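Coordinate inspection notes
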Amino acid sequence: MTVSDPRPLVGEPVSLDLLNTRWMQDGVRQDLLTDAEGLAVWLTANGLDARFTADATTLRHTLTARDALSALVDRPGDPDAVTRVDTVLGHGRIRATLTTEGPGELPEFADPAWGPGWTAARDHLDLLRTAPDRIRSCAHEACILHFFDTSRNGTRRWCSMAICGNRAKASRHYARTKDN
């Protein structure tokens, strides 16, 4: 039986999607990664389910990676956060390959249970190389989601205009009409 992904924001780069396994719903913090079944949902959503197993060890290592990435996003450049992410990255490496299709790369892990967390940490390095200023937290005060701003002018503020952006507009409207 396949469980559907209950999260309000999916499809972000894998590092931010891992952070978005925690979200707020009706003022209550939710967490997809409370068990191996939730990990299986996240692995499937990110196309990692064919390469990695959703078990207790993989869950534990993935949570370690999520906590490290969360610290880094909350405190960019913080030496402790940098060390924590670097520790996760130490559990894997990239091996250069050559195939009939051309050059490639193959991730390798001494312990495959680190694979999903390592993959998310490695993805975060790519975001930092590409556009670190586009890694954002939703501007709504009650939201804890993250996104990579792909808007043309780089001014996206909300995880979702339909959800958090609309809440902010409604709050501003209410405040204006209340004072009149």
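Coordinates for the structure precede this section.
Presented here is an overview of the structure given in this document.

Rules behind the numbers
Each chain has its residues counted from 1, following the order in which its sequence is written. Owing to the predicted nature of the model, reporting of local features is limited to residues with pLDDT of at least 70; listing and counting of side-chain atom pairs is limited to 80 or more, with chain, interface and lining totals taken over all residues. Each side-chain value is worked out from all heavy atoms of the structure, with water and hydrogens disregarded. Only strands joined by at least two bridges in the DSSP assignment are considered to pair. Strands are runs of DSSP state E lasting at least 2 residues, helices are runs of H or I lasting at least 4, and numbering of each runs from the N terminus. Remark: nonpolar core denotes a set of buried residues (Ala, Val, Leu, Ile, Met, Phe, Trp, Tyr, Cys) joined through side-chain atoms within 4.5 Å. Each residue's exposure class comes from its accessible area (1.4 Å probe, protein chains only) as a fraction of the maximum for that residue type: buried when under 20%, exposed when over 50%, partly exposed otherwise. Note on contacts: a residue pair is in contact if any heavy atoms of the two residues lie within 4.5 Å. Here, the arc refers to the directions that run from the helix axis to the C-beta atoms. Only the contacting stretch of a helix is used when fitting its axis, a line to C-alpha atoms as for every element, and angles between N-to-C directions run 0 to 180 degrees. Comment on the angle field: the value is read as roughly parallel under 35 degrees, roughly antiparallel over 145, roughly perpendicular from 65 to 115, and oblique elsewhere. Three categories are distinguished: nonpolar for Ala, Val, Leu, Ile, Met, Phe, Trp, Tyr, Cys and Pro, charged for Asp, Glu, Lys and Arg, and polar for the others, with Gly belonging to the last.

1. Examining the pairing of strand E1 (residues 22-25)
- Pairing geometry for E1 and strand E2 (residues 28-31), over four bridges, is antiparallel. Its bridge partner lying in E2, Gln25 is registered against Val28.
- Hairpin connection, E1 to E2: the antiparallel pair is bridged by two residues, and Asp26 has positive phi, about 55 degrees.

2. Some remarks on the nonpolar core
- In terms of nonpolar packing, the biggest core is built from 41 residues, with Leu18, Leu33, Trp42, Val85 and Cys159 touching the most fellow members.
- Secondary structure elements with two or more residues in this core: helix H1 (14-19), helix H2 (36-45), helix H3 (56-74), helix H4 (79-89), helix H5 (115-130) and strand E6 (146-148).
- With residues near it in sequence (within four places) discarded, Trp42 still touches Arg7, Val14, Asp17, Leu18, Thr21, Leu32, Leu33, Leu48, Thr62 and Pro116.

3. Details of H4
- Taken together, the buried positions of H4 are occupied by Ala81, Val85, Val88 and Leu89. The arc that holds every buried residue of H4, seen down its axis, measures 105 degrees, which confines them to one face. Opposite the packed face of H4, turned more than 90 degrees from it, sit the exposed residues Pro79 and Asp86.
- Buried positions along H4 lie against H3, strand E3 (92-99) and H5.

4. Some remarks on the environment of Pro13
- Looking at the secondary structure, you find Pro13 in the segment before H1.
- The sequence separation of Pro13 and Phe147 amounts to 134 residues, and the corresponding C-alpha distance is 8.0 Å.
- When sequence neighbours within four positions are dropped, the list of residues in contact with Pro13 reads Asp123, Leu127 and Phe148.

5. With respect to the packing of H3 against H5
- Between H3 and H5, the least distance of the axes is 7 Å, while the angle of their chain directions is 25 degrees. Looking at the two axes, H3 sits roughly parallel to H5. The residues of H5 that touch H3, namely those facing Thr58, Thr62, Ala65, Leu69, Leu72 and Val73, are Pro116, Gly117, Ala120, Ala121, His124 and Leu128.
- Each residue belonging to the contact of H3 with H5 can be placed in one class, and the counts come to eight nonpolar, four polar and no charged.

6. Section: unusual backbone geometry
- One non-glycine residue, Asp26, adopts positive backbone phi at about 55 degrees.
- By secondary structure assignment, the location of Asp26 is in the loop between E1 and E2.
- On the accessibility criterion, Asp26 (76% relative accessible area) is exposed.

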